[in-house]
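Single-letter residue listing:
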Amino acid sequence: MRVVVRAVSELCITVGSVIVLFVVYVLFWTGVRADDAMDQQIDVLRDQWARGAPGPTADPASPAPYKSGRPFAIMYIPRLGFTWNKPVLEGTGTGTLKKGLGHYARTAQLGQKGNFAVAGHRRTYGDPFKDFPELRRGDAVVLSDGVTWFTYRIDKGPYKTVPTDIEVIDPVPRKSGYTRPGRYLTLTTCDPEWGHSHRLIVWAHLDSTQPVEAGKPEALRR
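Sequence order as written defines the numbering, with residues in each chain counted from 1. A pLDDT threshold of at least 70 governs which residues receive local features in this predicted model, and a stricter bar of 80 or more applies before side-chain atom pairs are shown or counted, although totals over entire chains, interfaces and linings include all residues. Excluded from the side-chain calculations are hydrogens and water; all other atoms, namely the structure's heavy atoms, are used.

Take the overall build of the protein chain next. Under the DSSP-based scheme used, a helix requires at least four consecutive residues in state H or I and a strand at least two consecutive residues in state E, with every element numbered from the N terminus. Of regular secondary structure, the protein chain possesses 2 helices and 8 strands. Counting across all 222 residues of the protein chain, residues that qualify as buried make up 43%. Contacts in the protein chain between residues far apart in sequence, at least 24 positions, make up 62% of those at least 6 positions apart. Put simply, the protein chain shows about 12,200 Å² of open surface, and 56% of that area lies on carbon and sulfur atoms. The rule is simple: take the accessible area with a 1.4 Å probe, protein chains only, and divide by the maximum for that residue type; under 20% is buried, over 50% is exposed, in between is partly exposed. The contact definition used throughout considers only heavy atoms, calling two residues in contact when any of these lie within 4.5 Å. For accessible areas, the Shrake-Rupley method is used with a probe of radius 1.4 Å. Any residue's cover is judged against the shown protein chains and nothing else.

Structure below.
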(Lines give C-alpha, C1' and ligand atoms only; values in the text may rest on other atoms or scores of the structure.)
Protein backbone atom coordinates (compact mmCIF):
# COMPACT_ATOMS: atom_id res chain seq x y z
CA MET A 1 0.00 0.00 0.00
CA ARG A 2 2.83 2.40 0.86
CA VAL A 3 4.44 1.69 -2.48
CA VAL A 4 1.18 2.45 -4.28
CA VAL A 5 0.65 5.68 -2.34
CA ARG A 6 4.22 6.76 -3.01
CA ALA A 7 3.88 5.99 -6.72
CA VAL A 8 0.61 7.91 -6.97
CA SER A 9 2.12 10.85 -5.07
CA GLU A 10 5.14 10.94 -7.37
CA LEU A 11 2.87 10.75 -10.40
CA CYS A 12 0.77 13.65 -9.11
CA ILE A 13 3.90 15.71 -8.50
CA THR A 14 5.14 14.96 -12.02
CA VAL A 15 1.79 15.82 -13.61
CA GLY A 16 1.56 18.99 -11.51
CA SER A 17 5.05 20.04 -12.58
CA VAL A 18 4.19 19.48 -16.24
CA ILE A 19 1.02 21.55 -15.87
CA VAL A 20 2.92 24.39 -14.19
CA LEU A 21 5.58 24.36 -16.91
CA PHE A 22 2.88 24.39 -19.60
CA VAL A 23 1.13 27.36 -17.98
CA VAL A 24 4.46 29.22 -17.74
CA TYR A 25 5.08 28.48 -21.41
CA VAL A 26 1.64 29.69 -22.48
CA LEU A 27 1.48 32.76 -20.24
CA PHE A 28 5.07 33.90 -20.31
CA TRP A 29 7.39 32.31 -22.83
CA THR A 30 5.12 32.59 -25.89
CA GLY A 31 4.58 36.23 -24.96
CA VAL A 32 8.30 36.93 -24.70
CA ARG A 33 8.99 35.31 -28.05
CA ALA A 34 6.04 37.05 -29.70
CA ASP A 35 7.06 40.46 -28.37
CA ASP A 36 10.55 39.92 -29.79
CA ALA A 37 9.09 38.77 -33.11
CA MET A 38 6.78 41.79 -33.34
CA ASP A 39 9.62 44.16 -32.50
CA GLN A 40 11.70 42.57 -35.25
CA GLN A 41 8.89 43.04 -37.78
CA ILE A 42 8.57 46.71 -36.82
CA ASP A 43 12.35 47.13 -37.11
CA VAL A 44 12.20 45.61 -40.61
CA LEU A 45 9.54 48.11 -41.64
CA ARG A 46 11.24 51.15 -40.13
CA ASP A 47 14.55 50.19 -41.74
CA GLN A 48 12.78 49.80 -45.08
CA TRP A 49 11.09 53.16 -44.68
CA ALA A 50 14.33 54.85 -43.60
CA ARG A 51 15.94 53.63 -46.84
CA GLY A 52 13.12 55.22 -48.78
CA ALA A 53 11.68 51.96 -50.07
CA PRO A 54 8.05 52.61 -51.04
CA GLY A 55 5.34 50.65 -49.27
CA PRO A 56 2.68 48.64 -51.12
CA THR A 57 0.18 51.49 -50.81
CA ALA A 58 2.59 54.22 -51.91
CA ASP A 59 0.69 54.50 -55.18
CA PRO A 60 -2.99 54.80 -54.15
CA ALA A 61 -4.15 54.36 -57.73
CA SER A 62 -2.34 51.03 -58.19
CA PRO A 63 -1.13 49.55 -54.89
CA ALA A 64 1.28 46.63 -55.10
CA PRO A 65 0.05 43.30 -53.68
CA TYR A 66 1.12 42.42 -50.18
CA LYS A 67 3.65 39.62 -49.80
CA SER A 68 2.44 36.64 -47.79
CA GLY A 69 3.86 36.57 -44.28
CA ARG A 70 5.59 39.92 -44.66
CA PRO A 71 4.89 43.13 -42.70
CA PHE A 72 3.55 46.17 -44.53
CA ALA A 73 2.14 48.53 -41.87
CA ILE A 74 2.14 49.42 -38.18
CA MET A 75 -1.13 49.77 -36.27
CA TYR A 76 -1.71 52.08 -33.30
CA ILE A 77 -4.81 52.08 -31.08
CA PRO A 78 -4.65 54.85 -28.45
CA ARG A 79 -7.50 53.29 -26.44
CA LEU A 80 -5.20 50.32 -25.77
CA GLY A 81 -2.38 52.59 -24.61
CA PHE A 82 -0.13 55.18 -26.25
CA THR A 83 2.74 52.66 -26.27
CA TRP A 84 0.58 50.06 -28.06
CA ASN A 85 1.78 49.46 -31.61
CA LYS A 86 1.78 46.23 -33.61
CA PRO A 87 3.01 45.19 -37.05
CA VAL A 88 0.45 44.11 -39.63
CA LEU A 89 1.49 41.22 -41.86
CA GLU A 90 -0.15 39.64 -44.88
CA GLY A 91 -2.14 36.50 -44.07
CA THR A 92 -3.75 34.97 -41.01
CA GLY A 93 -1.88 31.68 -40.76
CA THR A 94 -0.66 30.39 -37.40
CA GLY A 95 2.96 31.34 -38.06
CA THR A 96 2.02 34.82 -39.22
CA LEU A 97 -0.14 35.61 -36.18
CA LYS A 98 2.78 34.69 -33.91
CA LYS A 99 4.63 37.71 -35.32
CA GLY A 100 1.88 40.32 -35.24
CA LEU A 101 -1.56 41.09 -36.59
CA GLY A 102 -2.70 39.43 -39.81
CA HIS A 103 -4.45 40.94 -42.81
CA TYR A 104 -7.15 38.71 -44.26
CA ALA A 105 -6.14 37.79 -47.80
CA ARG A 106 -8.54 38.96 -50.49
CA THR A 107 -9.92 41.79 -48.36
CA ALA A 108 -9.19 45.40 -49.33
CA GLN A 109 -5.75 46.91 -49.00
CA LEU A 110 -5.01 49.65 -46.52
CA GLY A 111 -6.95 52.82 -47.30
CA GLN A 112 -8.56 51.33 -50.39
CA LYS A 113 -12.25 51.03 -51.18
CA GLY A 114 -13.72 47.93 -49.56
CA ASN A 115 -13.04 46.28 -46.21
CA PHE A 116 -9.49 46.15 -44.82
CA ALA A 117 -9.83 43.24 -42.36
CA VAL A 118 -7.28 42.32 -39.66
CA ALA A 119 -7.10 39.50 -37.09
CA GLY A 120 -5.10 39.21 -33.87
CA HIS A 121 -4.70 36.93 -30.88
CA ARG A 122 -6.64 37.81 -27.74
CA ARG A 123 -4.36 35.76 -25.51
CA THR A 124 -0.93 34.11 -25.97
CA TYR A 125 1.68 35.20 -28.48
CA GLY A 126 1.97 38.67 -27.04
CA ASP A 127 -1.75 39.17 -26.23
CA PRO A 128 -2.08 41.91 -28.88
CA PHE A 129 -5.87 42.16 -28.55
CA LYS A 130 -6.15 41.32 -24.85
CA ASP A 131 -8.11 44.51 -24.15
CA PHE A 132 -10.22 44.30 -27.30
CA PRO A 133 -13.54 44.54 -25.33
CA GLU A 134 -12.54 48.05 -24.20
CA LEU A 135 -12.81 49.44 -27.73
CA ARG A 136 -15.65 51.93 -28.15
CA ARG A 137 -17.43 53.87 -30.85
CA GLY A 138 -15.38 56.89 -31.90
CA ASP A 139 -12.04 55.32 -30.95
CA ALA A 140 -9.25 55.84 -33.45
CA VAL A 141 -7.35 53.03 -35.15
CA VAL A 142 -4.32 54.50 -36.89
CA LEU A 143 -2.06 52.77 -39.39
CA SER A 144 1.05 53.82 -41.25
CA ASP A 145 2.70 52.27 -44.31
CA GLY A 146 5.68 54.59 -44.03
CA VAL A 147 4.27 57.03 -46.58
CA THR A 148 0.75 57.81 -45.32
CA TRP A 149 -1.09 57.88 -42.00
CA PHE A 150 -4.55 56.31 -42.18
CA THR A 151 -6.97 57.13 -39.36
CA TYR A 152 -10.07 54.96 -39.02
CA ARG A 153 -12.88 55.63 -36.53
CA ILE A 154 -14.78 52.80 -34.89
CA ASP A 155 -18.51 52.83 -35.61
CA LYS A 156 -19.68 49.58 -34.03
CA GLY A 157 -18.51 46.84 -31.69
CA PRO A 158 -17.37 44.77 -30.06
CA TYR A 159 -19.91 42.53 -31.76
CA LYS A 160 -19.96 38.85 -30.78
CA THR A 161 -20.44 36.15 -33.39
CA VAL A 162 -19.29 32.65 -34.36
CA PRO A 163 -16.17 31.74 -36.38
CA THR A 164 -18.26 30.61 -39.37
CA ASP A 165 -19.78 34.08 -39.73
CA ILE A 166 -17.38 35.11 -42.49
CA GLU A 167 -19.71 37.82 -43.75
CA VAL A 168 -18.28 40.14 -41.10
CA ILE A 169 -15.32 40.75 -43.44
CA ASP A 170 -17.38 41.27 -46.61
CA PRO A 171 -16.70 44.48 -48.59
CA VAL A 172 -19.86 45.86 -46.93
CA PRO A 173 -19.78 43.77 -43.76
CA ARG A 174 -23.00 42.20 -42.51
CA LYS A 175 -24.50 43.69 -39.32
CA SER A 176 -21.96 46.52 -39.35
CA GLY A 177 -24.64 49.12 -40.03
CA TYR A 178 -22.99 50.09 -43.33
CA THR A 179 -25.34 50.05 -46.30
CA ARG A 180 -23.14 51.14 -49.18
CA PRO A 181 -19.56 50.60 -50.40
CA GLY A 182 -16.91 52.58 -48.57
CA ARG A 183 -13.45 52.38 -47.07
CA TYR A 184 -13.87 50.21 -44.00
CA LEU A 185 -11.76 48.45 -41.38
CA THR A 186 -12.70 45.25 -39.55
CA LEU A 187 -10.80 43.94 -36.52
CA THR A 188 -11.39 40.41 -35.25
CA THR A 189 -10.22 38.37 -32.25
CA CYS A 190 -11.26 35.30 -30.25
CA ASP A 191 -13.80 35.11 -27.46
CA PRO A 192 -13.89 34.10 -24.63
CA GLU A 193 -10.53 35.42 -23.47
CA TRP A 194 -8.96 31.96 -23.20
CA GLY A 195 -11.13 30.23 -25.80
CA HIS A 196 -12.04 30.36 -29.46
CA SER A 197 -15.70 29.35 -29.65
CA HIS A 198 -16.72 32.86 -30.73
CA ARG A 199 -15.28 36.00 -32.29
CA LEU A 200 -15.38 39.66 -31.29
CA ILE A 201 -15.64 42.17 -34.12
CA VAL A 202 -15.33 45.93 -34.45
CA TRP A 203 -15.98 47.95 -37.60
CA ALA A 204 -14.58 51.34 -38.51
CA HIS A 205 -14.56 53.73 -41.45
CA LEU A 206 -11.63 55.64 -42.93
CA ASP A 207 -11.86 59.08 -41.35
CA SER A 208 -8.75 60.80 -42.69
CA THR A 209 -5.32 60.41 -44.27
CA GLN A 210 -2.20 62.55 -44.22
CA PRO A 211 1.41 62.24 -45.40
CA VAL A 212 3.93 60.96 -42.89
CA GLU A 213 5.94 64.12 -43.52
CA ALA A 214 3.12 66.14 -41.97
CA GLY A 215 3.76 64.54 -38.57
CA LYS A 216 1.65 62.28 -36.45
CA PRO A 217 -2.13 62.52 -36.81
CA GLU A 218 -4.04 64.18 -34.01
CA ALA A 219 -5.22 60.83 -32.62
CA LEU A 220 -1.61 59.94 -31.70
CA ARG A 221 -0.70 63.23 -30.06
CA ARG A 222 -0.72 63.18 -26.29
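Moving on to the sheet that holds strand 7 (residues 183-191). In this description, strands pair whenever DSSP reports at least two bridges between them. Judged by pairing direction, the barrel is mixed, and its 8 strands sit side by side in the order 1-2-3-4-7-8-6-5 before closing back on the first. The average undirected angle you get between the axes of adjacent strands in this sheet is 30 degrees. Relative to strand 8 (residues 198-211), strand 7 is paired through 8 bridges, and the arrangement is antiparallel. Bridging from a neighbouring strand, Thr 186 pairs with Trp 203 of strand 8. Axis geometry follows a simple rule: fit a line to the C-alpha atoms, using only the stretch in contact for helices, then measure angles between N-to-C directions, giving values from 0 to 180 degrees.

With that settled, the discussion passes to unusual backbone geometry. The linkage connecting Gly 157 with the following residue, Pro 158, adopts the cis geometry, with an omega of -5 degrees. Cis geometry is adopted by the peptide bond preceding Pro 192, which originates at Asp 191 and carries an omega value of 5 degrees. Structurally, Pro 192 is set in the loop between strand 7 and strand 8. Here the phi dihedral of Thr 124 falls at roughly 65 degrees; this positive angle occurs in a residue that is not glycine. Along the chain, the position of Thr 124 falls in the loop between strand 4 (114-119) and strand 5 (140-144). Residue classification places Thr 124 among the buried positions, given a relative accessible area of 17%. Here the phi dihedral of Asp 127 falls at roughly 50 degrees; this positive angle occurs in a residue that is not glycine.

We now examine the pairing of strand 7. With 7 of its 9 residues buried, strand 7 lies for the most part within the structure. Two elements, strand 4 and strand 7, share 6 bridges in a ladder whose sense is parallel. Paired with Phe 116 across the bridge in strand 7 is Leu 185. Counting the residues between successive antiparallel strands, the hairpin from strand 7 to strand 8 contains 6 residues.

Along the chain, pLDDT gives the predictor's confidence residue by residue, from 0 to 100. Summary statistics for the protein chain give a mean pLDDT of 88 and a share of 82% for residues scoring 70 or more. Considering only residues more than four positions removed or in separate chains, one finds that residues 15-26, a stretch of pLDDT under 50, has 5 contacts.

Checked against the element boundaries, Lys 67 lands in the loop between helix 1 (2-50) and strand 1 (71-76). On the basis of relative accessible area, Lys 67 is assigned to the exposed category, the value being 57%. A C-alpha to C-alpha distance of 6.2 Å links Lys 67 and Glu 90, two positions 23 residues apart in sequence.

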